Amino acid sequence: MSYVRTAPEAILPAPVVARPSLAASLFGDAASSLATVFITLVALAALPHLFAWAVTNGVWVGDGEACRDAGACWAFLRAKTPFILFGIYPEDERWRPMVAVGIFVVLTIWSLPRKHWTRATLFGWIAGIVAALLLMGGKTIGLTEVPTSAWGGLPITILLTVLSLALGFPAAVLLALGRRSPHPALRWLSTGFIELVRGLPLLSMLFVASIMVPLLLPDGVTIDNLFRALVALTFSAAAYLAEVVRGGLQGVPRGQEEAARALGLSWAQAMRLVVLPQAIRNVIPPLTNTVVVIVKNTSLVLVVGLFDLLSAGRVALSDPDWPAPYAETYLMIALIYFTICYAFARYALHLERTLGQVRR
Amino acid sequence: MSAITLSGVHKWYGDYHALRNVDLDIAPGERIVICGPSGSGKSTLIRCINGLESHDQGRIAIGDEEVREDARALQRVRIRVGMVFQSFNLFPHLTIVENCMLAPVRVGEASPAEARERAHALLDRVRIGDQKDKYPGQLSGGQQQRAAIARALCMRPEIMLFDEPTSALDAEMVKEVLDIMTALASDGMTMLCVTHEMGFAREVADRVVFMDAGQIVEIGEPTAFFSAPKHDRARAFLGQLIH
Ligand SMILES: Nc1ncnc2c1ncn2[C@@H]1O[C@H](COP(=O)(O)OP(=O)(O)O)[C@@H](O)[C@H]1O
Ligand SMILES: [Mg+2]
């Protein structure tokens, strides 16, 4: 029977659909042409003002006086950037927060390639975080003590982000697994925690953590304000991430866990080696979204008197020697947040493309 | 000693009585084919044997190892019993060879090098050695099922369970999987196989078990069973298969 196929037909990728050219996209039909013209006109009307404010009338050098009745006061940023970045941390000791930020930057860059995702890197992070905390505090390692109430700016933002994610993500995975557990007690606890924390505004949790908790503690016991804010942020991160992870778990067919168990893997191994890797790959986009929200949420700690980037910026603006250039200051802070979030989003997109190949 | 013993096994899903007083004794090296209408409890039976489902009454044992709800005991059972599923259930985030190495390294305490060597040998044996570095999604159904068989064999099981291994395959790929299973049978593997491939049953099975409504209705040698089923329901079922 020579007409019977003996080898299976090759599996071909779907045909590539060509993207329309730029010209076609801009002026392809009446609606696109109209949109193109409209947006160009708006830009032409707005740009000269922006340019005059930022460049022509902008003040690059000088003091508060030079900025009065001028355009953008970039000179203010020149003078205040160290304060915005490091808050009220003693000026002579600023090398310490700088080194702390440096540690995080180096660790982050080191951790980017997938081949560096090893146990050693994990320990590197733990060591790095501990080193940064010791360096900032100073007392334990024989430097001048700087209490956490004097920490500020970028290091606070980075510490809160890194710690709330590093502690919140494993907690989220446990909560997501707990919510699907056959044990009723585990399921109720996880569901209760997630729903409670998601239902409360983060601001109110921060207030509870910073104002209520000290009132409830016995006399003489104090818990650091930074730590309390961190707990609130971690709870919030854990609850939101847990729901994303749960969504991912639902997308993994039951047969995957069964096949793993049938091979003799324990439940924990089946989760860690088979189910979770697939679940998490499937939800990289919503995970990225949640992480970016969490990064920006750290700025809410300003309501409980912590000096993160945003609060440091606000304090800088209150200097009576300067005409309070809000737009410039917030632009700079926004740029820092944007850089962090955008870089993260690009990296996540890269991960999605390289590891997201869970083809069935 | 029997390879597999089931005596007086009952299983309920809520109120639904899925297995009713099942008795079955399988000798080492024996090849059993289980058939029966859809919903008759074939998968439930086979999944109780390696503890993917727990039975509510009666006794199941693999050799002298009781199948019971104890993590250590279940793991010992599962190391001795390999399973192949209708839907392959390969791990899509791992390559074929990684699929095969996972359990030997994590459960069987083989070194990675040893596990890789074993995986290569078995993948060659199921004739997909050249596909070993691909991901499951890049393989045809027949190739995936053969990889799944190799993955189970990498744990060096004494017993292999198959739950309709060819039902999800296009006709042209059924044979390549059945050929592997036939080869495995002639090597002396103890096999318990749910399938409606009657040609395979005739050629390979020592006994055919016919199930209906959670019960074993008839057990017989394939020739006797196919030519003269004793039971009405078996006769009706075989009649349906032929038409
Ligand atoms: N997890 C479950 N929960 C409830 N009922 C189930 C479950 N699994 C199987 N059943 C029921 O048990 C019966 C036997 O199922 P199964 O063993 O899968 O049959 P077969 O493999 O012979 O087609 C069916 O009626 C099915 O609906
Ligand atoms: Mg079935």
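This is a predicted model, so every value here is computed, not measured.

A separate point is the overall build of chain A. Counting its secondary structure elements, chain A contains 15 helices and two strands. When its C-alpha atoms are laid out on the principal axes, chain A stretches across 95 × 70 × 35 Å. The buried share of chain A, reckoned over its 360 residues, is 42%. Of the contacts made within chain A by residues no fewer than 6 positions apart, 68% connect residues no fewer than 24 positions apart. A total of about 20300 Å² of accessible surface is found on chain A, and carbon and sulfur atoms cover 69% of it. Averaging the locations of the 27 positively and 20 negatively charged side chains of chain A gives two centres separated by 16 Å.

Before going further, it helps to examine empty space enclosed by the protein. Evaluated as defined, the whole model comprises three cavities of 30 Å³ or more. Space inside the largest cavity adds up to approximately 50 Å³. Of the residues in the lining of the largest cavity, the class split is seven nonpolar, one polar and one charged.

Next up on the list: the nonpolar core. In this structure, Phe104(A), Trp151(A), Val301(A) and Leu309(A) are the most contacted members of the largest nonpolar core, which totals 71 residues. The element best represented in this core is helix α10 (residues 225-250) of chain A, accounting for 11 residues. Filtering out sequence-adjacent residues up to four positions away, Trp151(A) remains in contact with Tyr89(A), Leu133(A), Met136(A), Gly137(A), Val146(A), Ile156(A), Leu159(A), Leu226(A) and Phe307(A). Counting 53 residues, the second-largest nonpolar core is a separate cluster that includes Leu273(A), Val9(B), Phe91(B) and Met155(B).

This paragraph deals with the pairing of strand β10 (residues 215-220) of chain B. Residues and elements named next belong to chain B. Where strand β9 (residues 207-212) and β10 come together, five bridges link them in antiparallel fashion. The residue of β10 that forms the bridge with Asp212 is Gln215. Hairpin remark: β9 followed by β10, antiparallel, with two residues in the connecting loop; positive phi at Ala213, about 50°.

As a further point, take the site of ligand 1. All names here are of chain B. Around ligand 1, the neighbouring residues are Tyr13, Tyr16, Pro37, Ser38, Gly39, Ser40, Gly41, Lys42, Ser43 and Thr44. Between ligand 1 and the protein, one listed contact pairs a nitrogen atom with a side-chain N or O atom of Tyr13 at 3.5 Å. Measuring from an oxygen atom of ligand 1, one finds a backbone N or O atom of Gly41 at 3.0 Å. Bound to the protein, ligand 1 loses 59% of the 560 Å² it would expose on its own.

Okay, the environment of Arg78(B) next. Along the chain, Arg78(B) turns up in helix α2 (residues 71-80). Residue class for Arg78(B) comes out buried when judged on its relative accessible area of 6%. Excluding its chain neighbours within four sequence positions, the residues that come into contact with Arg78(B) are Arg261(A), Ala262(A), Gly264(A), Asn50(B), Gly51(B) and Leu52(B).

The next thing to look at is the pattern of salt bridges. Residue and element names in this part refer to chain A. In this structure the tally under the stated criterion is 24 salt bridges over all chains. Salt-bridge contacts for Arg68 lead to Glu65; the nearest nitrogen and oxygen are separated by 3.4 Å. Arg68 sits in the partly exposed class, given a relative accessible area of 36%. Each of Arg179, Glu195, Arg198, Glu243 and Arg246 takes part in one network of salt bridges that share partners.

This paragraph deals with the sheet that holds strand β5 (residues 65-66) of chain B. Residue and element names in this part refer to chain B. Here we have four strands laid out as an open sheet, ordered β2-β1-β4-β5, and antiparallel in their pairing. Of all strands in the sheet, those bounded by a partner on one side alone are β2 (16-26) and β5. Bridge count between strand β1 (residues 4-13) and strand β4 (residues 57-62): five bridges; the pairing is antiparallel. Along β4, the bridge assignment pairs Ile4 with Ile62. The strands touched by helix α1 (residues 42-49) within the sheet are β1, β2 and β4, with β1 carrying the most contacts at an inclination of about 120°.

To continue, consider the interface of chain B and chain A. If you look at the interface, chain B gives 27 residues, while chain A gives 25 residues. When chain B packs against chain A, the two sides together hide about 2300 Å² of surface, and 60% of this comes from carbon and sulfur. For Glu258(A), the salt bridge is made with Arg47(B), and the minimal N-O distance between the two is 2.7 Å. At the junction of chain B and chain A, the tally comes to six residue pairs in polar contact (both at pLDDT 80 or more). Looking at the side of chain B that touches chain A, the elements with two or more residues in it are α2, β6 (81-84), α3 (96-106), α5 (141-153) and α6 (171-186) of chain B. Per element, the largest residue contribution to the side of chain B that touches chain A is three residues, and it comes from α3(B). In terms of residue class, the side of chain B that touches chain A is built from 15 nonpolar, seven polar and five charged.

Bringing the UniProt feature "domain: ABC transporter" (unreviewed entry) in chain B into the picture now. Under the present numbering, the feature "domain: ABC transporter" (unreviewed entry) in UniProt falls on residues 4-238 of chain B. A distance of 27 Å separates the end C-alpha atoms of residues 4-238 of chain B, which is 39% helix and 26% strand.

Residues and elements named next belong to chain A. Within the secondary structure, Ile294 is located in helix α13 (residues 284-297). A C-alpha to C-alpha distance of 8.0 Å links Ile294 and Leu233, two positions 61 residues apart in sequence. Apart from the residues within four sequence positions on either side, Ile294 is in contact with Ser164, Leu165, Ala237 and Leu241.

Below, the discussion takes up the layout of surface pockets. By volume, the second largest pocket is sized at about 900 Å³. Lining of the second largest pocket is provided by 31 residues; of these, Pro182(A), Arg254(A), Glu257(A), Arg261(A) and Trp267(A) occupy positions nearest its centre. Put simply, the parts of the chain that give the lining of the second largest pocket at least two residues each are α7 (154-179), α10, α11 (254-262) and α12 (267-282) of chain A together with α2 of chain B. Among the residues forming the lining of the second largest pocket, the class breakdown is 14 nonpolar, seven polar and 10 charged.

A few words now on the pairing of strand β8 (residues 190-194) of chain B. Residue and element names in this part refer to chain B. Within β8, five of the five residues are buried, leaving the element largely enclosed by the surrounding structure. Side-chain alternation along β8 places Thr190, Leu192 and Val194 on one buried face and Met191 and Cys193 on a second face that is also buried. Strand direction decides the pairing type here: strand β3 (residues 31-35) and β8, joined by four bridges, are parallel. Across the sheet, the residue bridging to Arg31 is Met191, located in β8. Here strand β7 (residues 159-163) runs beside β8; their pairing, made up of five bridges, is parallel. The residue bridging Phe162 from the neighbouring strand is Cys193, located in β8.

Reading the values: rules and limits
- Numbers given for residues are sequential positions, taken from 1 along each chain in its written order.
- The naming scheme follows written order: chains are lettered A onward, ligands numbered 1 onward.
- Per-residue local features are limited, in this predicted model, to residues with pLDDT of at least 70; the limit for side-chain atom pairs, both in listing and counting, is 80 or more; totals at the level of whole chains, interfaces and linings are taken over all residues.
- For side-chain calculations, the full set of non-hydrogen atoms in the structure is used, while hydrogens and water are omitted.
- The numbering of helices and of strands both runs from the N terminus, where a helix is a DSSP run of H or I of at least 4 residues and a strand a run of E of at least 2.
- Throughout this description, buried means an accessible area under 20% of the type-specific maximum (1.4 Å probe, protein chains only), exposed means over 50%, and partly exposed covers the range between.
- In what follows, residue pairs with any heavy atoms lying within 4.5 Å of each other are defined as contacts.
- What sets the accessible areas is the Shrake-Rupley method with a 1.4 Å probe; for residues, cover comes only from the shown protein chains.
- For the charge count, each Lys or Arg is scored as positive and each Asp or Glu as negative, with His and the chain ends excluded.
- By convention, the point assigned to a charge is CZ for Arg, NZ for Lys, CD for Glu and CG for Asp.
- In this analysis, the protein atoms alone were mapped onto a 1 Å grid. Cavities are point sets where a 1.4 Å probe fits without being able to get out; pockets are open sets with protein on both sides within 12 Å along at least five of seven lines; lining residues have an atom within 4 Å of a point.
- Grid points are joined across faces, edges and corners, and a volume is the space filled by probe spheres set on the points.
- Residues are grouped as follows: nonpolar covers Ala, Val, Leu, Ile, Met, Phe, Trp, Tyr, Cys and Pro; charged covers Asp, Glu, Lys and Arg; every other residue, Gly included, is treated as polar.
- What makes a nonpolar core is a set of buried Ala, Val, Leu, Ile, Met, Phe, Trp, Tyr and Cys residues whose side-chain atoms join them at distances within 4.5 Å.
- For two strands to be treated as a pair, DSSP must find no fewer than two bridges joining them.
- Throughout, the term near means that a residue has one or more heavy atoms lying within 4 Å of the molecule or strand in question.
- Whenever two N or O atoms come within 3.5 Å, that pair is a polar contact, provided that in protein one can donate a hydrogen and the other can accept it, and provided that, for residues adjacent in sequence, both atoms are side-chain atoms.
- We define a salt bridge as a side-chain nitrogen of Lys or Arg found within 4 Å of a carboxyl oxygen belonging to Asp or Glu.
- In this analysis an axis means a line fitted to C-alpha atoms, helices contributing only their contacting stretch, and an angle means the value between N-to-C directions, from 0 to 180 degrees.
- Here the quantity called buried area is the accessible surface, traced with a 1.4 Å probe, that two parts lose on coming together, added over both.
- UniProt positions are given in the numbering used here, feature names are shortened, and annotations may be inferred rather than shown by experiment.

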